[in-house]
Structures are given as structure tokens and as C-alpha cells.
Amino acid sequence: MTSFIGKYDNELSSYECEILIKQFEESPKLEGHIHRDGKSVLDPSFKKCRQLNQPRFSDKSIISNTILPHLISCLEKYKERYLALDHIFPGTFDDAFAFKKYETEEDGFKAWHTEAGGSDTSTRILAWMIYLNNAKSGTEFMHFPKVRAKTGRCIIWPAGFTHVHRSEPNKGLKYVISGWISFQ
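Residues numbered from 1 in each chain as written. Predicted model: local features only at pLDDT ≥ 70, side-chain atom pairs only at ≥ 80, totals over all residues. Heavy atoms only, no water.

Student: Any chance you could explain the overall build of the chain here in plain terms?
Tutor: Counting secondary structure elements, the chain contains two helices and 14 strands. Computed over its C-alpha atoms, the radius of gyration of the chain comes to 15 Å, within 12% of the 16 Å expected for a compact globule of 184 residues. Projected onto the principal axes, the alpha-carbon positions of the chain cover approximately 40 × 35 × 30 Å. Relative to its 184 residues, the chain shows a buried fraction of 51%. Sequence separation of at least 24 residues holds for 77% of the intrachain contacts in the chain that already meet a minimum separation of 6. Per element, the accessible surface of the chain, about 9,400 Å² overall, is 54% carbon and sulfur. Across the chain, the centroid of the 25 positively charged side chains sits 3 Å from that of the 23 negatively charged ones. (Helix = DSSP H or I, 4+ residues; strand = E, 2+ residues; numbered from the N terminus. Rg over C-alpha atoms; globule rule 2.2 N^0.38 Å. Buried < 20%, exposed > 50% of the residue type's maximum accessible area, 1.4 Å probe, protein only. Contact = heavy atoms within 4.5 Å. Areas by Shrake-Rupley, 256 points an atom, 1.4 Å probe, with all protein chains shown as cover. Lys, Arg positive; Asp, Glu negative; His and termini not counted. Charge placed at Lys NZ, Arg CZ, Asp CG, Glu CD.)

Student: Please explain the packing of aromatic side chains as it appears in this structure.
Tutor: For any two aromatic rings, the description comes down to two numbers: the centre-to-centre distance and the angle of the planes. A full pass over the atoms with the stated rule returns 10 aromatic pairs. Ring geometry for Phe-24 and Tyr-175: centres 5.7 Å apart, planes at 80 degrees, overall edge-to-face. Taken together, the residues Phe-24 in helix H1 (residues 14-26) and Tyr-175 in strand E14 (residues 174-183) connect sequence positions 151 residues apart. Overall, the relative accessible area of 5% leaves Tyr-175 in the buried class. (Phe/Tyr/Trp six-rings, centres within 6.5 Å; stacked < 30°, edge-to-face > 60°.)

Student: What exactly am I supposed to notice about unusual backbone geometry here?
Tutor: Trans is the prevailing form of peptide bonds, just as negative phi is the prevailing case for residues other than glycine. A positive phi is found at Asn-10, a non-glycine position, where the angle reads about 55 degrees. A positive phi angle, near 55 degrees, is found at Lys-60, a position not held by glycine. Note on placement: Lys-60 falls in the loop between strand E6 (50-52) and helix H2 (62-81).

Student: Which parts of the structure should I look at to understand the nonpolar core?
Tutor: Nonpolar side chains in soluble globular proteins generally cluster together in the buried interior. Residues Ile-67, Phe-99, Leu-126, Trp-128, Leu-132, Ile-156 and Ile-177 are the most contacted members of the largest nonpolar core, which totals 30 residues. Among the elements of the structure, H1, H2, strand E10 (124-131), strand E12 (154-158) and E14 are those that each provide at least two residues to this core. When near neighbours in sequence (up to four residues on either side) are disregarded, Leu-132 contacts Leu-12, Cys-17, Leu-20, Ile-21, Phe-99, Thr-151, Tyr-175 and Ile-177. In this structure, Met-129, Ala-135, Ala-149 and Trp-180 belong to the second largest nonpolar core, which totals 17 residues. (Core = buried A, V, L, I, M, F, W, Y, C linked by side-chain atoms within 4.5 Å.)

Student: So what exactly am I meant to see when it comes to H1 here?
Tutor: At 3.6 residues per turn, the α-helix brings residues three or four places apart onto the same side. The terminal C-alpha atoms of H1, which comprises 13 residues, lie 18 Å apart, in line with the 18 Å expected from a rise of 1.5 Å per residue. The set of residues buried in H1 consists of Cys-17, Leu-20, Ile-21 and Phe-24. The buried residues of H1 occupy an angular sector of 100 degrees when projected down its axis, which confines them to one face. Opposite its buried face, H1 presents the exposed residues Tyr-15, Glu-18 and Glu-26, each directed more than 90 degrees away. Residues of H1 that are buried sit in contact with strand E2 (29-31), E6, H2, strand E8 (98-102), E10 and E14. (Expected span 1.5 Å × (residues − 1). Arc of directions from axis to C-beta.)

Student: Can you help me understand the pairing of E14 in this one?
Tutor: Regular strands have side chains that alternate between both faces of the sheet. The buried fraction of E14 amounts to nine of the 10 residues, a majority that puts the element mostly inside the structure. Taken together, the three bridges between strand E7 (residues 91-93) and E14 define a ladder with antiparallel strand orientation. Counterpart to Thr-92 in the pairing with E14 is Ser-182. Note that E10 and E14 share seven bridges and pair antiparallel. Bridge pairing in E14 links Met-129 to Ser-178. (Pairing = 2+ DSSP bridges.)

Student: Looking at this structure, how should I read the side chain of Ser-182?
Tutor: Tracing the chain through its elements places Ser-182 in strand E14. Of the polar contacts made by the side chain of Ser-182, one reaches the side chain of Asp-94; its length is 2.7 Å. When near neighbours in sequence (up to four residues on either side) are disregarded, Ser-182 contacts Pro-90, Gly-91, Thr-92, Asp-94, Thr-123, Arg-124 and Ile-125. (Polar contact = N/O pair within 3.5 Å; in protein donor to acceptor, adjacent residues only side chain to side chain.)

And the structure:
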């Protein structure tokens, strides 16, 4: 049985990952927030991290310009594997994405969740994540094997209820960039 979790190793080079981490460290950050009832709120019991303040592909930053070609490549590979996507696309990368850093054992996106289902997330088809370092903790899926964090690894999975997930309990430094692909 397939998990519908696409794993694309070495999609970003170690050098590209180092550049992205450097950009993160040199940029203004805020505490990790979640979206609940259409509002951005802090809830460390749900999610605790440091993250960039609203990065977007439209800002044409070093970050967005570095990751977008790789994401396009991974999405094409994913669509080649799951041909049914041709019947529901066109989909597009959401402009906003998240760039997060987890450091302590208290950090993580701890609550089981999906990437679609709320009124502001109802058009999401797929979710994506890029790991920027070989972290000791990855991503747990409720019904599928966990995915190990590996430098330059990109993963893509369905955004809906079939792929409930959370951060594996954090065990050290982890950098991730994540976002969504939605109906246009």
C-alpha cells in the first residue's frame, strides 16, 4: 500500500541548505504561531519554535528563489507518480510558506493536525516540507511511517485527513521550510 508521501533526497545541496540557514539566522524572527478560527495565535502546547515573519515566494528573496525551482521539480516527480493529480490540477504553490527552527526538547509542532480542513485552508491539495539539516527528529504521520529529517530532503504529501501528522518529539536543532499547493 502506498503512503502517497513523496521523498526526494538531495534535492537541495548541502551548500544551498547552509545558505538558507544563514539567511534564517540573519533575518527577523518571531515565536511560532498557529492559525485558529481565522486568527494567528501563540499556543506553545500546540507549536513551539522560532520562525521567519511571513516569508513569501512573491518577495523574490534568496530563500524563495533558492527553493522554488526545487519544489517545482519535486512536484513534477510527484505528479508523474500519482497520475490522478492531472485530473484536479491546476494547482499552485501558495505564496506564503513557513521557515522554522526547532532547538529545545520543548520545541516542535506537537499536536496532530492536517494541512487542510479549515475555512482558510480548504483549497489545499498537497503539503510540502524541506529539511535543511540532518536532525535527530523528523515528521510523524499517524497512519504511515515517520519521515527522517535529512539535509536537502523534500517531501510532499496530501493535505487532508488521511495524512494527520506532527513533529517527532524534538531532540536537537532542526530547520524546516514548509508550505502548500492549493487549487487556483
